[in-house]
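Summary of structural features
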Amino acid sequence: MKVICRNNEMREGSFEEQWVKEAFWHTSAHVLAQAVKRLYPDTKCAIGPAISQGFYYDFAFSFSFGDEHLRLVEDEMRKIVAEALTVRVYEMEREEAAAYMRERDERYKLEMIENLPAKEMISFYRQGEYAEFCAGPHISNTCHIKAFQLLSIAGAYWRGDEKNEMLTRIYGISFPKVSELTAYLQRAEEAKKRDHRKLGKELGLFTIFEQGPGFPVFLPKGMVLKNLLIDYWRRIHHREGYMEISTPVMLDRSLWEMSGHWEYYRESMYTLQIDETDFAVKPMSCPGGVLVYQSKPRSYKELPMRLGELGLVHRNEKSGTLHGLMRVRAFTQDDAHIFMTKEQVIGEIQNVARIIDEVYTKFGFAYRVELSTRPEHSIGSDEEWEMATDALKKAMDGIGVSYVINEGDGAFYGPKLDFHLQDSIGRTWQCGTIQLDFQLPARFHIEYIGSDGQAHCPIMIHRVVFGSIERFIGILIEHYAGKFPLWLAPVQVKILPIAERFHDYAEETADRLEKAGLRCEMDERTEKIGYKIREAQLDKVPYMIIIGQKEAEAGEISVRSRDQGDTGSMSIEEFIEKIREEDGMHSC
RNA sequence: GCUGGAAUAGCGCAGUCGGUAGCGCAACUGAUUCGUAAUCAGUAGGUCGAGGGUUCGAGUCCCUUUUCCAGCUCCA
């Protein structure tokens, strides 16, 4: 495929190469804009880039653009592709380009041109009657866009700023071959099948009531899963010298004023009055942790003091941002606050990073680390921020963890290391964070008595590993497509008697497996074995045990694995042994 | 919050031009006692998300509202 670049150079490349894909999708976006202008000439064009999968274009329509218009635009695009328009590139002086856009009343284009450096020549790409100022590159002819589909309409703010007017964004995908489009759409269907909202409903893990938008409800099986994760979390943190505490869900306003939340986090907090005093429901557990630290005099001998808390926090998220378990208004943070001396900072950060690595590795997640620096809206001096940011860098360098810098995305009280893990469909989610905080200890005047007999202000780390247990569960559901590993499966073994007369033996088996610590269920219905297997399989239970004449006589059990199918018969002891081996691979 | 869609039985869905609500699975009852992904028959189940309006008549048209979905903004 030929790609035409800004300097009129023609390059050749295959669609598999990223830079060709970008040119291809970029031209697709231009074809979309061309079709829109043909059908609705008074529409104003904003921007239309290629994205990681496909392209979009932002328009300002003079009417409400809906799904029915999308099909019409597609038809027009088909014509443009059939016309096999050659794409040509040429340059204009800035003033000339501005005049061109002014003449056509393309106010967004004009604004963009006016924002470009003064002396620069401005490149235009033209296909047929449609010309647009654009840095390119583009493919050389519209005829290559053989297979495309407009996927969705969405609102998007001009220049991504919520204060600006909202434009209509049209998303699309395109390929040189119809087979590639079909494959893409099939992959999208597959991804939908692992959607945690769908699986959560099908597997009876969680729900969200219409009466409580953003407030997730754990059903019995989801609760088993949540508790297993919490058990695992407790084992690790106990091993690492953490103590667990629990602080109130709501506290007096004065505390939040002291911590800075009242000023810096107010719009995200739920507030209420008790006896004419303002209270806020906690959006974070840190002030409670600080109060626990402060509850008695502390010695340097107690440091580092690691206080863990599975804190239920509430945040008033905007309604449109809610998404299953991934984005909610109430969630459990696996929080901990570590109070320490200056000398202990690096070591503690590294220790937390090791825990996060251990946990993510156990679930088979890849992750990447970002260092988020001082945001605009924040407290503390530049020196403190620099020191804190430096400490985070040093700690990561010391254990050879690489990271990228995320400017201005820190918490209002300190810089942070964010751990973004990648799920099974390539999306990334922020889960773990390590935040270094010089501010809260100072604001609360907390101290410890050092070996010199003097009072000192400790340094504090806020950190989470799962991040939010709710979100982590959502990610796990999609990561495993609902097929949880044995140690996490809400039901590990389903016992399926073939007929009623084997129920006694089945119950005896269940009893022995439960005594061995397995989570069992028995399907006592008078259904055919094929039906019971089908249902257990759809429930994604790791092991099914079939019990009939043969097993009862031999005193054995037939084992069917969710993933491998029929694995033949064995004694109960053998099965328990087999399970223990498998489970052992996953315990910490 | 903003833009565009959607909401019909527990779940998945159909419902034409506005004419009085249906299918499959699940549930329940009965029969069947069965060997590795769906046994058969019957029964019951609905203020068509909520509120208002237009109309002789509204699941269907209009307005308001709630929730969900795709995004934007934001974020654990």
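Residues numbered from 1 in each chain as written. Chains lettered and ligands numbered in written order. Predicted model: local features only at pLDDT ≥ 70, side-chain atom pairs only at ≥ 80, totals over all residues. Heavy atoms only, no water.

So, the packing of aromatic side chains
Counted under the stated rule, the structure contains 31 aromatic pairs. Here Tyr 40 and Phe 65 contribute two aromatic rings whose centre-to-centre distance is 6.3 Å and whose plane-to-plane angle is 90°, an arrangement assigned as edge-to-face. Of the two residues, Tyr 40 sits in the loop between α1 (18–39) and β3 (44–45) while Phe 65 sits in the loop between β5 (54–60) and α2 (67–82), which places them 25 residues apart along the sequence. By the burial criterion, Tyr 40 is buried, and Phe 65 matches it. Pairing Tyr 90 with Phe 124 gives two aromatic rings, centres 5.8 Å apart and planes at 20°, and the pair type is stacked. Highlighted residues: Tyr 90 in strand β6 (residues 87–92) and Phe 124 in strand β7 (residues 122–127), separated in sequence by 34 residues. Phe 124 sits in the buried class, given a relative accessible area of 0%. Ring pairing ties together the aromatic residues Tyr 232, Tyr 360, Phe 363, Phe 365, Tyr 367, Phe 419, Phe 466, Phe 472 and Trp 487, which thus form one cluster. (Phe/Tyr/Trp six-rings, centres within 6.5 Å; stacked < 30°, edge-to-face > 60°. Helix = DSSP H or I, 4+ residues; strand = E, 2+ residues; numbered from the N terminus. Buried < 20%, exposed > 50% of the residue type's maximum accessible area, 1.4 Å probe, protein only.)

Regarding the confidence of the model for chain A
Any region with low pLDDT has predicted coordinates that should not be read closely. Of all residues in chain A, 99% have pLDDT values of 70 or greater, and the mean over the chain is 91. Scored as a whole, the predicted complex attains pTM 0.90, and scored at its interfaces, ipTM 0.93. (pLDDT = per-residue confidence, 0-100.)

As for unusual backbone geometry
Cis geometry marks the peptide bond from Leu 303 to Pro 304, where omega comes out at -5°. Structurally, Pro 304 is set in the loop between α10 (286–294) and β18 (305–314). Positive phi is not limited to glycine here, since Arg 159 has a value of about 60°. Positive phi is not limited to glycine here, since Glu 276 has a value of about 65°. Locating Glu 276 in the fold gives a position in the loop between β16 (271–274) and β17 (277–281).

A closer look at the protein's contact with RNA strand B
Around RNA strand B, 57 residues are found, and the nearest of them are Tyr 157, Ser 319, Arg 327, Arg 534 and Glu 551. Considering the 4 Å shell around the protein, atoms of RNA strand B inside it are sugar or phosphate in 49% of instances. Interatomic distance of 3.4 Å between a side-chain N/O atom of Ser 558 and a base nitrogen of RNA strand B. Counting only elements with at least two residues in the surface near RNA strand B, the list comes to β10 (147–157), β11 (166–175), α6 (196–202), β23 (428–437), β26 (459–468), α16 (529–538), α17 (549–554) and β30 (557–561). (Near = heavy atom within 4 Å. Polar contact = N/O pair within 3.5 Å; in protein donor to acceptor, adjacent residues only side chain to side chain.)

Side note on the packing of helix α3 (residues 94–103) against helix α4 (residues 107–114)
Across the interface, α3 lies against α4 with an axial gap of 8 Å and an inter-helix angle of 165°. Relative to α4, the element α3 is oriented roughly antiparallel. Regarding α3 and α4, the two cross each other, and that crossing is left-handed. Residue-level contacts link Arg 94, Ala 97, Ala 98, Met 101 and Arg 102 of α3 to Lys 109, Leu 110, Ile 113 and Glu 114 of α4. Split into classes, the residues belonging to the contact of α3 with α4 amount to five nonpolar, no polar and four charged. (Axes fitted to C-alpha atoms, helices over the stretch in contact; angles between N-to-C directions. Parallel < 35°, antiparallel > 145°, perpendicular 65-115°, else oblique. Left-handed = near helix turned anticlockwise from the far one by under 90°. Contact = heavy atoms within 4.5 Å. Nonpolar A, V, L, I, M, F, W, Y, C, P; charged D, E, K, R; others polar.)

Thoughts on the sheet that holds strand β9 (residues 138–139)
Spatially, the three strands line up as an open sheet ordered β2-β1-β9, and their pairing is antiparallel. Lying at the two open borders of the sheet, with one neighbouring strand each, are β2 (10–12) and β9. Pairing between strand β1 (residues 2–4) and β9: two bridges, direction antiparallel. The residue of β9 that forms the bridge with Val 3 is Ile 139. (Pairing = 2+ DSSP bridges.)

Thoughts on empty space enclosed by the protein
Per the stated rule, a full pass over the model turns up one cavity of 30 Å³ or more. Empty space within the largest cavity amounts to approximately 140 Å³. Lys 221, Pro 490, Val 491, Asp 539 and Val 541 are, among the 14 residues lining the largest cavity, the residues nearest its centre. Considering only residue class, the lining of the largest cavity consists of eight nonpolar, one polar and five charged. (1 Å grid on protein atoms, 1.4 Å probe; cavity = no way out; pocket = protein on both sides within 12 Å on 5 of 7 lines; lining within 4 Å. Points joined across faces, edges and corners; volume = space filled by probe spheres on them.)

Re the pairing of strand β8 (residues 130–133)
Remark: a regular strand shows side chains that alternate across the two faces of the sheet. Alternating positions in β8 separate into two faces, Tyr 130 and Glu 132 on one and Ala 131 and Phe 133 on the other, with burial throughout. Where β7 and β8 come together, four bridges link them in antiparallel fashion. Across the sheet, Tyr 125 pairs through a bridge with Glu 132, a residue of β8. Where β7 folds back on β8, the antiparallel hairpin that results is connected by two residues, among which Gly 128 adopts a positive phi of roughly 60°.

Quick notes on a nonpolar patch on the surface
On the surface, a nonpolar cluster with roughly 340 Å² of combined accessible area is contributed by Val 249, Met 250, Leu 272, Ile 274 and Leu 312. When you line up the elements, Met 250 lands in strand β15 (residues 250–252). (Patch = residues over 30% accessible without salt bridge, like charges linked within 9 Å, V, L, I, M, F, W, Y side chains within 5 Å. Areas by Shrake-Rupley, 256 points an atom, 1.4 Å probe, with all protein chains shown as cover. Salt bridge = Lys/Arg side-chain N within 4 Å of Asp/Glu carboxyl O.)

Some points on the side chain of Thr 27
For Thr 27, the location among the structural elements is in helix α1. For Thr 27, the contacting residues outside a window of four places in its chain are Val 87, Gln 127, His 138, Ile 139 and Ile 145.

Re the packing of α1 against α2
Between α1 and α2, the shortest axis-to-axis distance is 8 Å and the interhelical angle comes to 115°. When the axis of α1 is compared with that of α2, the two are roughly perpendicular. In this structure, the crossing between α1 and α2 has a hand that is right-handed. Contacts between α1 and α2 pair Ser 28, Val 31, Leu 32, Gln 34, Ala 35, Val 36, Arg 38 and Leu 39 from the former with Leu 72, Val 73, Glu 76, Met 77 and Ile 80 from the latter.

A short note on the layout of surface pockets
Considered as a void within the structure, the largest pocket measures approximately 1,200 Å³ in volume. Among the elements that take part in the lining of the largest pocket, β26 stands out by supplying six residues, more than any other. Of the residues belonging to the lining of the largest pocket, the class tally is 15 nonpolar, 14 polar and 10 charged.

What to know about the environment of Phe 218
Relative to the helices and strands, Phe 218 is located in strand β13 (residues 217–218). For Phe 218, a relative accessible area of 17% gives the class buried. Spatially, the C-alpha atoms of Phe 218 and Leu 167 are 38 Å apart, while their sequence positions differ by 51 residues. With residues up to four places along the chain from it excluded, the contact list for Phe 218 reads Leu 205, Phe 206, Met 223, Lys 226, Glu 470 and Ile 473.

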